[in-house]
Amino acid sequence: MAKVAYYPGCALEGSGGPYDRSTRALVKSLGMEMETVHDWNCCGAMEVKNIHPMLQTYMSARVMAIASEQMGYDTVMAPCNGCYHNLKKAEYELATSSESLDTLQGLAKKSEDPVYKGDVRTVHLLEWLMEDLGADGIKQKISKSLNGIKVANYYGCMYTRPRQIFPEKDQGPGSESSYKPHFMDDLLGAAGAINVDFPLKTACCGGAHTLSDADTSTQLVLNIIQAAEDAGAEVIATECPTCHSGLEMHQVRAETEFGIKTNVKILYFTQLLGLAMGLSARKLGVHENVSDSLDFLHAKGVV
Amino acid sequence: MAIHEKTLIDPSRLISSDTLVVDGVDVSGHWNTMILPRTLKEYDDGFEAHIKEYAGAENVHRCWQCGSCTNSCTMYAQNTDFNPRYWIYLTRLGLKDEILKDKDIIWQCVSCNKCTNICPKDVRPEGVMKALAHWIEAEGFGEKSNSTIFDEEFARQCIARGRIEDSEVMTNFYKNTNQDIKEMALNGWLGIFVARMNKWNELRSGNVWKFITRTPIMHSLHMGYSMFFKPKTKSWGHTGEVLSQYVKEQKELAHG
């Protein structure tokens, strides 16, 4: 199994703390190895590219350059969709435009930063798990079934779009689909969850404007939550801290501002997989979620 | 050039007669609807080239008006006035006044990239939306949107420290947009959100044990600590300075 450089990013260092803790605990329990990128910086998120695209390209490439030039890794693993998307976008931009690569390397020399050379790739945590273990590998390792919890797997925008920056997707059997992603379904299914037929897997939660256009975001989140409930889901599994916070925040907001109460629980997929590995809910930060799922998980016999 | 674009038709120019008989055939109402043409003289030949100087709109000339962007658009499903295909059409014709009729909603693009994903001509419509929104602000046709204010605060922290801190982004955004965060925390959704995160509802309903075992002590302490000791990239050095200098130069080159 290949050791990777782990890039948590700002969200996992802050409000997405439970995702960071559950990722570390899960990876350790699976016997996989990773090392945190030394003194990483922000990837630029969704905001910085709007000030100037090169700003985002630079910040994302700087993270990859630290991993490859200073730490000797050929793979960066990011659990956050925003980070993953931005690093992939930088990878694509710098591989297809020699002008951008020249500009970037010039800026790196001027800043006395490690220089990105294009010899490092980025994968999402989901991809790393599927690549190294796969659904069968997970099945062999789990110690406790998820007991048929009905899950809607929500992937959001940045894991699959635009497809141009993810050349490894849509490559036939075994690869991830940008149109109908399934890696999270595969993993949670192997752990004993029942994946409901959820049509809004890649719908938008309005994360880019979660505070700046809050009513729109609340509406978009409600679409996702209500579709999940209509599909019979008890839990929405997330794999992105922005989506996760957005779902939690606007589930509350829909209730307080618009009087629409929904009951579906929101959990990081790493928390669900961790429970199936027999890890304690506390270690996985389940109590740190805003959406309190502990009573439900107790009732299901998973905790 | 005749008008082909439905959205450009003024409702007042749609005329129909309630009762009309032509050669003995009754064509009353919609059967005789006519469109009075109007001539638009206010177009700017150089507008497309001008918009292409804004980041994101470099490929706008490639559009062949298939409408896949609007068809797939998250915001169009919320509001049918949000129409990327139409705005790209207007950009190419230089009909600035028509674009400005929608100046208050263009910034609402949520960057879900459904358009850029599906566009058969690699126009990258998401970028065009950002370019148009920036043009509206740069030329003073509209005030800075909430989205831009958010982006600027976020980028400021990145340039300064290499990282952001959640609560600082949030409080400064609310401050810069004159929204009362205290009110939201005391009487609004934000207070309820924080209360639920800390499981205060369990305490209030007398479930002391549930509260003690479920309140996220370490998480809250960690986030509180970050509010005072900001996360920072130690090796950031003068990277921030180099980057802001570069952005300044590029913007001067593009817009003078």
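Conventions we followed
Residues numbered from 1 in each chain as written. Chains lettered and ligands numbered in written order. Predicted model: local features only at pLDDT ≥ 70, side-chain atom pairs only at ≥ 80, totals over all residues. Helix = DSSP H or I, 4+ residues; strand = E, 2+ residues; numbered from the N terminus. Buried ≥ 20, exposed ≤ 12 C-beta atoms within 10 Å, placed from the backbone. Contact = placed C-beta atoms within 7 Å. Nonpolar A, V, L, I, M, F, W, Y, C, P; charged D, E, K, R; others polar. Core = buried A, V, L, I, M, F, W, Y, C linked by C-beta atoms within 7 Å. Pairing = 2+ DSSP bridges. Right-handed = clockwise from strand over helix to strand, strands pointing away. Axes fitted to C-alpha atoms, helices over the stretch in contact; angles between N-to-C directions. Parallel < 35°, antiparallel > 145°, perpendicular 65-115°, else oblique. Left-handed = near helix turned anticlockwise from the far one by under 90°. Domains from an automatic or database assignment. Expected span 1.5 Å × (residues − 1). pLDDT = per-residue confidence, 0-100.

## Quick look at the overall build of chain B
Move 1: Summing up its helical and strand segments, chain B has 15 helices and 4 strands in all.
Move 2: Along the first, second and third principal axes, the C-alpha atoms of chain B reach 90 × 55 × 35 Å.
Move 3: The burial tally for chain B puts 32% of its 256 residues in the buried class.
Move 4: The long-range share in chain B, meaning contacts at least 24 apart out of those at least 6 apart in sequence, stands at 57%.

## What to know about the environment of Asp39 of chain A
Move 1: Within the secondary structure, Asp39 of chain A sits in the loop between strand E2 (34-36) and helix H3 (48-51).
Move 2: Along the sequence, Asp39 of chain A and Glu69 of chain A sit 30 residues apart, while their C-alpha atoms lie 14 Å from each other.
Move 3: Those residues in contact with Asp39 of chain A that sit more than four places away from it in its chain are Thr233, Lys234 and Ser235 of chain B.

## A few points about the interface of chain A and chain B
Move 1: Listed per partner, the contact involves 51 residues of chain A and 51 residues of chain B.
Move 2: Of all the secondary structure elements, the ones that give two or more residues to the side of chain A that touches chain B are helix H1 (9-13), H3, helix H4 (53-70), helix H6 (98-111), helix H10 (214-230) and helix H11 (241-258) of chain A.
Move 3: Across the side of chain A that touches chain B, the residue classes break down as 23 nonpolar, 15 polar and 13 charged.

## Considering the nonpolar core
Move 1: Counting 144 residues, the largest nonpolar core has Val76, Met77, Leu188 and Leu272 of chain A together with Leu132 of chain B as the members making the most contacts within it.
Move 2: For this core, the element with the highest residue contribution is H4 of chain A, accounting for 10 residues.
Move 3: Setting aside its immediate chain neighbours within four residues, Leu188 of chain A contacts Leu146, Val151, Asn153, Ala193, Asn195, Ala237, Phe269, Leu272 and Leu273 of chain A.

## What to know about the pairing of strand E8 (residues 265-268) of chain A
All names here are of chain A.
Move 1: Alternating residues of E8 divide into Lys265 and Leu267 and Ile266 and Tyr268, and every residue in both groups is buried.
Move 2: Summarising the sheet, strand E7 (residues 235-238) and E8 pair through 4 bridges and their orientation is parallel. Pairing of Ala237 across the sheet is with Leu267, part of E8.
Move 3: You can see the chain leave E7, run along H11 and come back into E8, and the turn it takes is right-handed.

## Side note on the sheet that holds strand E4 (residues 121-124) of chain A
All names here are of chain A.
Move 1: A sheet is described by the order of its strands in space; here 4 strands give the open sequence E2-E1-E3-E4, paired in parallel fashion. Both outer strands of the open sheet, E2 and E4, are each paired with one neighbouring strand and no more. In this sheet, adjacent strand axes meet at a mean angle of 35 degrees when their direction is disregarded.
Move 2: Each of strand E3 (75-78) and E4 is contacted by helix H5 (residues 81-96), which is oriented at about 155 degrees to E4, the strand it contacts most.

## Regarding the sheet that holds E8 of chain A
Residues and elements named next belong to chain A.
Move 1: Judged by pairing direction, the sheet is parallel, and its 4 strands sit side by side in the order E6-E5-E7-E8 without closing on themselves. Either end of the sheet is taken by a strand with one partner, and the two such strands are strand E6 (194-195) and E8.
Move 2: Strands in contact with helix H12 (residues 269-276) are E7 and E8; relative to E8, the strand with the most contacts, it is inclined by about 80 degrees.

## Regarding the packing of helix H8 (residues 134-141) of chain A against helix H9 (residues 183-190) of chain A
Residue and element names in this part refer to chain A.
Move 1: Taken N-terminus to C-terminus, the directions of H8 and H9 make an angle of 25 degrees; their axes are 8 Å apart at the nearest point. The angle between H8 and H9 places the two elements in the roughly parallel class. Crossing angle aside, the handedness with which H8 passes H9 is right-handed. Every residue of H9 that contacts H8 at Ala135, Ile138 and Lys139 is listed here: Asp186, Leu187, Gly189 and Ala190.
Move 2: Across the contact of H8 with H9, the residue classes break down as 4 nonpolar, 1 polar and 2 charged.

## Description of the domain arrangement of chain A
Note: interface size is frequently given as the accessible area lost on complex formation between the parts.
Residues and elements named next belong to chain A.
Move 1: According to the domain assignment, chain A contains domain 1 (4-124) and domain 2 (145-299).
Move 2: Taking the mean C-alpha position of each, domain 1 and domain 2 sit 24 Å from one another.
Move 3: Residue-level contacts link 23 residues of domain 1 with 26 residues of domain 2.
Move 4: Where the side of domain 1 that touches domain 2 is concerned, the elements lending two or more residues are H1, helix H2 (17-29) and H5.

## With respect to helix H8 (residues 146-161) of chain B
Since the α-helix packs 3.6 residues into each turn, any two residues three or four apart lie on the same face.
Move 1: End to end, H8 of chain B covers 23 Å across 16 residues, agreeing with the expected 22 Å (1.5 Å per residue, within 8%).
Move 2: Regarding H8 of chain B, the residues found buried are Ser147, Thr148, Phe150, Asp151, Glu153, Phe154, Ala155, Gln157, Cys158 and Ile159 of chain B.
Move 3: Buried residues belonging to H8 of chain B abut H3 and H4 of chain A together with helix H7 (125-138), helix H9 (166-176) and helix H15 (239-255) of chain B.
Move 4: Gly162 of chain B, located one to two residues past H8 of chain B, shows a positive phi value of around 85 degrees.

## Brief notes about H9 of chain A
Residues and elements named next belong to chain A.
Move 1: Taking burial as the measure, the 8 residues of H9 include 7 buried ones, the bulk of the element.
Move 2: All of the buried residues in H9 are Phe183, Met184, Asp185, Asp186, Leu187, Leu188 and Ala190.
Move 3: Where H9 is buried, its residues meet helix H7 (125-132), H8, strand E5 (150-154), E6, E7 and H12.
Move 4: In the stretch just after H9, Gly192 is the one whose phi turns positive, near 100 degrees.

## Observations concerning the confidence of the model for chain B
Move 1: The share of residues in chain B with pLDDT of 70 or more is 98%, and the mean pLDDT across the chain is 94.
Move 2: Predicted complex metrics record ipTM = 0.95 and pTM = 0.95.

## Comments concerning the packing of helix H4 (residues 84-93) of chain B against H7 of chain B
All names here are of chain B.
Move 1: Axis separation between H4 and H7 bottoms out at 10 Å; the angle between their running directions is 65 degrees. Classified by chirality, the crossing of H7 by H4 is left-handed. Contact residues: H4 offers Pro84, Trp87 and Ile88, while H7 offers Pro125, Val128, Met129 and Leu132.

## Digging into the pairing of E5 of chain A
Residues and elements named next belong to chain A.
Move 1: The buried fraction of E5 is high, at 4 of 5 residues.
Move 2: Bridge analysis of E5 against E6 gives 2 bridges, and the strand direction is parallel. When the sheet's bridge partners are listed, Val151 is paired in E6 with Asn195.
Move 3: The β-α-β motif built from E5, the intervening H9 and the parallel element E6 has right-handed crossover chirality.
Move 4: Note: E5 against E7, 4 bridges, orientation parallel. Pairing of Tyr154 across the sheet is with Thr238, part of E7.

## Some points on unusual backbone geometry
Both trends apply: most residues other than glycine have a negative phi, and most peptide bonds are in trans.
Move 1: Of note, the amide linkage connecting Arg161 of chain A to Pro162 of chain A takes the cis form, showing an omega dihedral of -10 degrees.
Move 2: Structurally, Pro162 of chain A can be placed in the loop between E5 and H9.
Move 3: Even without being a glycine, Asn113 of chain B presents a positive backbone phi close to 65 degrees.
Move 4: One non-glycine residue, Lys199 of chain B, lies in positive phi territory at about 60 degrees.
Move 5: Checked against the element boundaries, Lys199 of chain B lands in the loop between helix H11 (189-197) and helix H12 (200-204).

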